[in-house]
Amino acid sequence: MWDVTTTPAGTELRSATLDVEPTPLALLLLGREADPRSERGVECPGDLPSPSDPDLVERARAAKERLGDRVFVLGHHYQRDEVIQFADVTGDSFKLARDAAARPEAEYIVFCGVHFMAESADILTTDAQKVVLPDLAAGCSMADMATAEQVAECWDVLTEAGIAERVVPVSYMNSSADIKAFTGRHGGTICTSSNAKRALEWAFEQGEQVLFLPDQHLGRNTAVLDLGMSLDDCVVYNPHKPNGGLTAAELRAAKMILWRGHCSVHGRFSLDSVEDVRARIPGVNVLVHPECKHEVVNAADYVGSTEYIIKKLDAAPAGSKWAIGTELNLVRRVAAAHPDKEVVFLDRTVCFCSTMNRIDLPHLVWALESLADGALVNRIQVDPETERYAKLALERMLALP
């Protein structure tokens, strides 16, 4: 129907109104609702400090001092500087989870990272320790690309194709506790970007094929560049298509069944990015993360994990030039640590990890002050059954030669 409104000046404005209720998707797009399947929580009880509060740094420091040894703050490499300054240790996701497990005296583990990282910390720490994520909406787009229901359906497809018994699942650390548990139940292991080669070698000793979850690029790059497979040995399973978009014959012939997932940050880098930076900066060394696309990795000079990138820059000679394809907070931090070297972001388009950056100083202050006042907030707790099998998969990784 049409409504007619008369303005004070006498002009009539006609506007259409629809006799329908807005859908949940419409409300989500308008920013008036949250998607419970992808956003684990966007509100905190009470009020967050204002981001313009000039006392935030002092408040964080004071709350941390009040907690003393009862709190252990972990900061992932992709965190912003304002947060990383309060981290007791920094590192990649698995290193931080192990660091937390090595501090059993700490009652609270405040994980400045994303949801799957906090889950891993809860799995590896004692029952007496409590893992806290300052913002529950700090998720991971890659981890969310493989749900427990989708992976269970995939296993049914592999079973119907007659290959499930010879398939070994290998799941990247960047996956939910549910996916890690699935991996543990089906005789598989977890891997990091540093030990993916060893994990795949182990998996092929156990079976004939690998289901690699959830990052297709790390799986493909490791299989082709490190294990000498061809691209034809790899197929991509798309959970949004019937049977993953693959025939039974294609599934049987593949050595690597790659889940159709990717990192939203590393997936942005393109071959054009590499060619552009080489044209702009003669003699530049291109260093990228293995979560990048295969053609980007092929065109780079060096490929490695976050820890590898940091060590590579530490060892690089003064005056050398580097274009780095990974998250911008890390690139900026590495550049600041090496003023004697030219360090640039690989792509012209600036790209932070948006979910990682949800952990900001107001959320950290709120979490620390709440804990100091005796209020446990935003606890991440994996149920015992999931923890049991997820830990089994993690322990297989730790036992790799």
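Treat the numbers as computed from the prediction; the structure is a model and nothing was measured. (Residues numbered from 1 in each chain as written. Predicted model: local features only at pLDDT ≥ 70, side-chain atom pairs only at ≥ 80, totals over all residues. Heavy atoms only, no water.)

Caption draft 1: Fine view of the sheet that holds strand 10 (residues 234-237). The strand order across the open sheet formed by five strands is 8-7-9-11-10, and the pairing between neighbours is parallel. Among the strands making up the open sheet, the edge pair consists of strand 8 (189-191) and strand 10. The mean angle between the axes of side-by-side strands here comes to 25°, regardless of whether they run parallel or antiparallel. Judged from the three bridges that link them, strand 7 (residues 167-172) and strand 8 form a sheet pairing that is parallel. (Pairing = 2+ DSSP bridges. Helix = DSSP H or I, 4+ residues; strand = E, 2+ residues; numbered from the N terminus. Axes fitted to C-alpha atoms, helices over the stretch in contact; angles between N-to-C directions.)

Caption draft 2: A look at the sheet that holds strand 13 (residues 302-303). Strand order across the open sheet formed by four strands is 13-12-14-15, with parallel pairing between neighbours. A single partner strand is all that each edge strand has here, and the edge strands are strand 13 and strand 15 (342-345). Inspection of the sheet shows strand 12 (residues 285-288) paired to strand 13 by two bridges, in the parallel sense. The partner of Val288 across the bridge, within strand 13, is Val303.

Caption draft 3: Looking closely at unusual backbone geometry. In the segment running from Leu213 into Pro214, the intervening peptide bond is cis, with an omega of -20°. Mapped onto the secondary structure, Pro214 falls in the loop between strand 9 (209-213) and helix 9 (216-226). The backbone of Asn243 shows a phi angle near 55°, a positive value even though the residue is not glycine. You can see Asn243 is positioned in the loop between strand 10 and helix 10 (248-253).

Caption draft 4: Representation of the packing of aromatic side chains in the model. Tallied over the full model, the rule gives four aromatic pairs. On the numbers, 5.5 Å between centres and 80° between planes, the contact of Trp155 with Phe182 is edge-to-face. Of this pair, Trp155 sits in helix 6 (residues 148-160) while Phe182 sits in helix 7 (residues 177-185), and the two are 27 residues apart along the sequence. Taking relative accessible area as the criterion, Trp155 reaches 12% and is therefore assigned buried. Its relative accessible area of 8% is what places Phe182 among the buried residues. With a centroid separation of 5.6 Å and an interplanar angle of 35°, the aromatic rings of Tyr302 and Trp322 are classed as tilted. Of this pair, Tyr302 sits in strand 13 while Trp322 sits in strand 14 (residues 321-325); the two residues are 20 residues apart in sequence, bridging distant segments of the chain. Positioned above the aromatic ring of Phe72, the side-chain terminus of Arg103 is 4.2 Å from the ring centre. (Phe/Tyr/Trp six-rings, centres within 6.5 Å; stacked < 30°, edge-to-face > 60°. Buried < 20%, exposed > 50% of the residue type's maximum accessible area, 1.4 Å probe, protein only. Lys NZ or Arg CZ within 6 Å of the ring centre and 35° of its normal.)

Caption draft 5: Looking closely at the pairing of strand 3 (residues 71-76). Extensive coverage of strand 3 is indicated by the burial of six of its six residues. Side-chain alternation along strand 3 places Val71, Val73 and Gly75 on one buried face and Phe72, Leu74 and His76 on a second face that is also buried. Pairing geometry for strand 3 and strand 5 (residues 108-112), over five bridges, is parallel. Bridge pairing in strand 5 links Gly75 to Cys112. Where strand 3 and strand 4 (residues 89-91) come together, three bridges link them in parallel fashion. By the bridge assignment for strand 4, Gly75 is matched with Thr90.

Caption draft 6: Up close: the nonpolar core. In terms of nonpolar packing, the biggest core is built from 105 residues, with Val110, Phe212, Met256 and Leu368 touching the most fellow members. It is helix 15 (residues 361-372) that contributes the most residues to this core, eight residues altogether. With sequence-adjacent residues up to four places away left out, Phe212 is seen in contact with Val170, Cys191, Leu200, Leu218, Gly219, Met256, Ile257, Leu258 and Trp259. Within the second largest apolar cluster, 21 residues are counted, among which are Val151, Val157, Val235 and Leu246. (Core = buried A, V, L, I, M, F, W, Y, C linked by side-chain atoms within 4.5 Å. Contact = heavy atoms within 4.5 Å.)

Caption draft 7: The pairing of strand 5, seen in detail. Counted residue by residue, strand 5 has five buried out of five residues, so it is predominantly covered. Of the two faces of strand 5, the one carrying Tyr108, Val110 and Cys112 and the one carrying Ile109 and Phe111 are both buried. Relative to strand 6 (residues 130-132), strand 5 runs parallel, the two sharing three bridges. Paired with Val110 across the two strands is Val132, which belongs to strand 6. On the question of chirality, the crossover connecting strand 5 to the parallel strand 6 by way of helix 5 (residues 115-124) is right-handed. (Right-handed = clockwise from strand over helix to strand, strands pointing away.)

Caption draft 8: Structural view of the confidence of the model for the protein. Across the protein, pLDDT averages 88, with 88% of residues at or above 70. Note that pLDDT drops below 50 for residues 1-42; the model gives that stretch 39 contacts with residues more than four away or on any other chain. (pLDDT = per-residue confidence, 0-100.)

Caption draft 9: Looking closely at the environment of Asn329. Position of Asn329 relative to the elements: it lies in helix 14 (residues 328-337). When the C-alpha positions of Asn329 and Asn357 are compared, they lie 9.3 Å apart, and in sequence the two are 28 residues distant. In contact with Asn329, not counting residues within four places along its chain, are Tyr78, Gln79, Arg80, Phe352 and Asn357. Among the polar contacts made by the side chain of Asn329, one reaches the main-chain carbonyl oxygen of Tyr78 at a distance of 3.0 Å. (Polar contact = N/O pair within 3.5 Å; in protein donor to acceptor, adjacent residues only side chain to side chain.)

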